[in-house]
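Tertiary structure, described
In case you want the letters, here they are:
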Amino acid sequence: MAKKDQTTDAAKEKDREKWMARFQVRLAMQPGVDRAVVLQAVKEVTAHCAETGEHPRTAFGDPDAYAVQTAARLVPADRAARARRHNSVVDALDAVRDAAGKLGGL
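The rules we used
- Residues numbered from 1 in each chain as written.
- Predicted model: local features only at pLDDT ≥ 70, side-chain atom pairs only at ≥ 80, totals over all residues.
- Heavy atoms only, no water.
- Helix = DSSP H or I, 4+ residues; strand = E, 2+ residues; numbered from the N terminus.
- Expected span 1.5 Å × (residues − 1).
- Buried < 20%, exposed > 50% of the residue type's maximum accessible area, 1.4 Å probe, protein only.
- Arc of directions from axis to C-beta.
- Polar contact = N/O pair within 3.5 Å; in protein donor to acceptor, adjacent residues only side chain to side chain.
- Axes fitted to C-alpha atoms, helices over the stretch in contact; angles between N-to-C directions.
- Left-handed = near helix turned anticlockwise from the far one by under 90°.
- Contact = heavy atoms within 4.5 Å.
- Nonpolar A, V, L, I, M, F, W, Y, C, P; charged D, E, K, R; others polar.
- Salt bridge = Lys/Arg side-chain N within 4 Å of Asp/Glu carboxyl O.

**Topic: helix 4 (residues 63-74)**
- If you check helix 4, its first and last C-alpha atoms are 16 Å apart, about what 12 residues at 1.5 Å a residue would give, namely 16 Å.
- Within the sequence span of helix 4, burial applies to Pro63, Tyr66, Ala67, Thr70, Ala71 and Leu74. Looking straight down helix 4, one finds its buried side chains confined to an arc of 140°; they lie on one side.
- Residue Asp62 occupies the N-cap position of helix 4, its side-chain oxygen lying 3.1 Å from the main-chain nitrogen of Asp64.

Structure follows, in structure tokens:
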């Protein structure tokens, strides 16, 4: 294999790894997504790309948008809603804690 081909292959592999990493992080941030969902989604993307030879961006588009779509497909709606409610309660408690901390510093 020519040196240029190796460089091109390495760049393609690095780009694929960056897409996968971003997809995994964005997917994990979606309400109700747990480790099992991330592993299932990664397995699906990896299998598809291995079978077709496609780059994940070509097959699935933007990793952020695909993460949202994947979460909507793999996470039951009630679990996602429960996680959103939990997250909003935690955010509210964090805001109260931060406000109390600022008042204590007066």
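**Description of the packing of helix 2 (residues 35-52) against helix 4**
- Put simply, helix 2 and helix 4 touch, their axes get as near as 11 Å, and they point 115° apart. Crossing hand, helix 2 versus helix 4: right-handed. For the pair helix 2 and helix 4, the contacting residues are Val37, Gln40, Ala41, Glu44 and Val45 in the first and Tyr66, Thr70, Arg73 and Leu74 in the second.
- Residue composition of the contact of helix 2 with helix 4, by class: 5 nonpolar, 2 polar and 2 charged.

**Some points on the pattern of salt bridges**
- This structure, assessed with the given rule, holds 4 salt bridges.
- Of the charged contacts in the structure, one is a salt bridge between Glu13 and Arg16, with a shortest N-O distance of 2.8 Å. Of the two residues, Glu13 and Arg16 are both situated in helix 1 (residues 3-28); the distance of 3 residues between them amounts to about one turn of the helix.
- For Glu13, a relative accessible area of 33% gives the class partly exposed.
- Since its relative accessible area comes to 28%, Arg16 is described here as partly exposed.

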